[in-house]
Amino acid sequence: MTLLEVSQLDAGYGDLQVLSDIDLHVEQGEYVTIVGPNGAGKSTAMKAIFGLADRQGGSITFDGADITNLPPESVIHKGLSYVPQNENIFPSLTVTENLRLGAYILDDMPDERRQAIFDRFPILSQRLDQKAGSMSGGQQQMLAMGCALMLDPDLLLLDEPSAGLAPDLVTEMFDRIDAVNDAGTAILMVEQNAKKALRRCDRGYVLAQGENRYEGSGNELLDDEEVRRQFLGG
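Residues numbered from 1 in each chain as written. Predicted model: local features only at pLDDT ≥ 70, side-chain atom pairs only at ≥ 80, totals over all residues. Heavy atoms only, no water.

### Details of the pairing of strand β4 (residues 54-62)
Inspection of the sheet shows strand β1 (residues 2-13) paired to β4 by 7 bridges, in the antiparallel sense. Residue G12 lies in a different strand from β4, and its bridge partner there is D54. Pairing geometry for β4 and strand β5 (residues 65-66), over 2 bridges, is antiparallel. Residue pairing across strands places F62 opposite A65, the latter belonging to β5. Turn length for the β4-β5 hairpin, with the two strands adjacent in sequence and antiparallel, is 2 residues, and the turn residue D63 shows positive phi of about 50 degrees. (Pairing = 2+ DSSP bridges. Helix = DSSP H or I, 4+ residues; strand = E, 2+ residues; numbered from the N terminus.)

This is the structure:
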């Protein structure tokens, strides 16, 4: 069953159009990656879906409901969470306070949800009173994902989750994303480590200059000579 359907989307910022006629979809429980060169519009696509960029045309449907014109504070109630690439935690607040803000639309922070986050990211349970800004980059990224997962979303949007991580931590981060998906949460991810991401995902999209260029399974895109030559470094 289709969870997210983006059809003929034009989007950008004010009068600046970044995306033109973008189509993409995510099935329930699916793991989808968007790759492409810098400036292709990948992050804008994520922001437009979540309501942080201006939707200038087309439509966005989530779980059968039209969310094209909804702001982020309404989108999050639909079962969709977003982890931006930058400024995705509150550095001056503790781990516990960050997680509480992740569940801000709830009356209380459910103990079972918090425990599920600790089971997935054990290091967070050891840093409850630590200021988030004093943790390592990898730990901060785990916290950002933990905050987004506090609402148990049906779809998690991840924008460059491996950005800034040491090479030995990138594989660990991808393993944790795999585990989130294996537990039933659909993933739509923008990722700079294109080859590594495509090896792990169910399907992928290649964007270039704000337009759809290629779509296929991760393996199909990795095996496509033109995709490799143009976008994956051969």
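Now, onward.
### Details of the sheet that holds β1
Sheet strands pair via backbone hydrogen bonds, and the direction of the pair is either parallel or antiparallel. Strand order in this open sheet of 4 strands is β2-β1-β4-β5, and the pairing throughout is antiparallel. Across the chains shown, the open sheet's two edge strands, defined by having one partner strand only, are β2 (16-27) and β5.

### Focus: the side chain of R113
Assignment of secondary structure puts R113 in helix α4 (residues 111-120). With residues up to four places along the chain from it excluded, the contact list for R113 reads L149, M150 and D152. (Contact = heavy atoms within 4.5 Å.)

### Thoughts on the sheet that holds strand β6 (residues 80-83)
Pairing is mixed across the open sheet formed by 6 strands, whose spatial order is β6-β7-β8-β3-β9-β10. Of all the strands in the sheet, the pair left with one neighbour each is β6 and β10 (211-217). Here the strands of the sheet are splayed against their neighbours by 15 degrees on average, with no regard to which way each runs. (Axes fitted to C-alpha atoms, helices over the stretch in contact; angles between N-to-C directions.)

So far we have only geometry, and geometry alone does not tell us how the molecule works.
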